[in-house]
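Understanding the architecture of this molecule
These are the residues of each chain, in order.
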Amino acid sequence: TYVVTDNCIGCKYTDCVEVCPVDCFYEGENMLVIHPDECIDCGVCEPECPADAIRPDTDADMDRWVTFNARYAELWPVITAARDPLPDADARDGLANKLDTLFS
Ligand code: SF4
Ligand code: F3S
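Residues numbered from 1 in each chain as written. Chains lettered and ligands numbered in written order. Predicted model: local features only at pLDDT ≥ 70, side-chain atom pairs only at ≥ 80, totals over all residues.

The chain goes by Ferredoxin in an unreviewed UniProt entry, where it is assigned to Meridianimarinicoccus roseus. UniProt, in the comment section headed Function (unreviewed entry), describes the chain in these words: "Ferredoxins are iron-sulfur proteins that transfer electrons in a wide variety of metabolic reactions." (UniProt positions renumbered as here; feature names shortened; annotations may be inferred.)

Now the structure itself:
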């Protein structure tokens, strides 16, 4: 599976949603996640993300994000069409450790 990681937080460009053939992105207030049981591992979303936030779960240190994506994909609603990025998307693109501020 692929997973959405830290740099989606506060950006949410949603280009990824447009290309996913199985509509397995789920939307939180500040970021999206991928449902690991629905992703067919096609990889087309990875290069589409302007924030470079999508990774294969085979990358190093992805355990935290696999758990995170699996958990919130069960709680958040599916998103099937792109929408405008968050207002501060360009300003927040690339900031470090966004997850630490997600729920504060
Ligand atoms: Fe969707 Fe393919 Fe990305 Fe999985 S890898 S989330 S199936 S576009
Ligand atoms: Fe997030 Fe990138 Fe999609 S910023 S919403 S993973 S295009």
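Moving on, there is more to tell.
For the rest of this paragraph, the subject is the site of ligand 1. Around ligand 1, 13 residues are found, and the nearest of them are Y2, C20, C39, C42 and C45. Looking at side-chain class alone, the shell around ligand 1 contains eleven nonpolar, one polar and one charged residues. (Near = placed C-beta within 6 Å. Nonpolar A, V, L, I, M, F, W, Y, C, P; charged D, E, K, R; others polar.)

Here we come to the environment of C49. Relative to the elements of secondary structure, C49 occurs in the loop between β3 (32-34) and β4 (54-56). Looking at C49, the number of C-beta atoms within 10 Å reads 21, which means it is buried. Distance from C49 to V17, taken between C-alpha atoms, is 9.5 Å for residues 32 residues apart in sequence. (Helix = DSSP H or I, 4+ residues; strand = E, 2+ residues; numbered from the N terminus. Buried ≥ 20, exposed ≤ 12 C-beta atoms within 10 Å, placed from the backbone.)

A few words on the environment of D59. Mapped onto the fold, D59 is located in the loop between β4 and α2 (63-73). With 11 C-beta atoms counted inside 10 Å, the residue D59 sits in the exposed group. For the pair D59 and N30, spaced 29 residues apart in sequence, the C-alpha separation works out to 23 Å.

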